[in-house]
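# Structural features, examined
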Amino acid sequence: MNDPHNTFQKFRSVQADKLFELIKSHRLLDREDAEAVIHALNDISESIERIYCEIVPTMLSSSVAK
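Conventions we followed
- Residues numbered from 1 in each chain as written.
- Predicted model: local features only at pLDDT ≥ 70, side-chain atom pairs only at ≥ 80, totals over all residues.
- Heavy atoms only, no water.
- Helix = DSSP H or I, 4+ residues; strand = E, 2+ residues; numbered from the N terminus.
- Buried < 20%, exposed > 50% of the residue type's maximum accessible area, 1.4 Å probe, protein only.
- Polar contact = N/O pair within 3.5 Å; in protein donor to acceptor, adjacent residues only side chain to side chain.
- Contact = heavy atoms within 4.5 Å.
- Expected span 1.5 Å × (residues − 1).
- Bend = angle between axes of the 7 residues up to and from the residue.
- Patch = residues over 30% accessible without salt bridge, like charges linked within 9 Å, V, L, I, M, F, W, Y side chains within 5 Å.
- Areas by Shrake-Rupley, 256 points an atom, 1.4 Å probe, with all protein chains shown as cover.
- Salt bridge = Lys/Arg side-chain N within 4 Å of Asp/Glu carboxyl O.

Further remarks concern the side chain of glutamate 49. Within the secondary structure, glutamate 49 sits in helix α2 (residues 31-65). You can call glutamate 49 buried: its relative accessible area is 9%. Looking at glutamate 49, its side chain comes within polar contact range of the side chain of arginine 12, at 2.6 Å. Discounting residues that sit within four places of it in the chain, glutamate 49 has contacts with His5, Phe8, Gln9, Arg12 and Glu54.

Pasting the structure below:
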């Protein structure tokens, strides 16, 4: 199974740049909108990583401890 931390970090470090270039090369969005989309996806990625890799495990471990 893939490590969620690695998956999200890979998106932010490699795949986001590739996606940005793909959006630009196909002229799907202008540069400003493409940057906004990539920025939003990075924010979402960071939030999901925090929820599933920090918050949920903390909640589950405190639930088990009771």
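There is more to say after this.
Let us now look at helix α1 (residues 4-25). Helix length check: α1, at 22 residues, gives a terminal C-alpha distance of 29 Å against a target of 32 Å (1.5 Å per residue), a fit within 8%. Of all the bends found along α1, the most pronounced is centred on glutamine 15 and spans about 45 degrees. The set of residues buried in α1 consists of Phe8, Phe11, Ala16, Phe20 and Ile23. Looking at the residues trailing α1, positive phi occurs at arginine 27, about 50 degrees.

Taken together, the side chains of Leu28, Leu29, Val37, Leu41, Ile44, Ile48, Ile51, Tyr52, Ile55 and Met59 present a nonpolar region at the surface, about 850 Å² in accessible area. By the element assignment, leucine 29 lies in the loop between α1 and α2. Take leucine 29: its relative accessible area is 33%, and that puts it in the partly exposed class.

Turning next to unusual backbone geometry. With phi around 50 degrees, arginine 27 is a residue other than glycine that occupies positive phi space. Mapped onto the fold, arginine 27 is located in the loop between α1 and α2. Of the residues examined, arginine 27 reaches a relative accessible area of 74% and is grouped as exposed.

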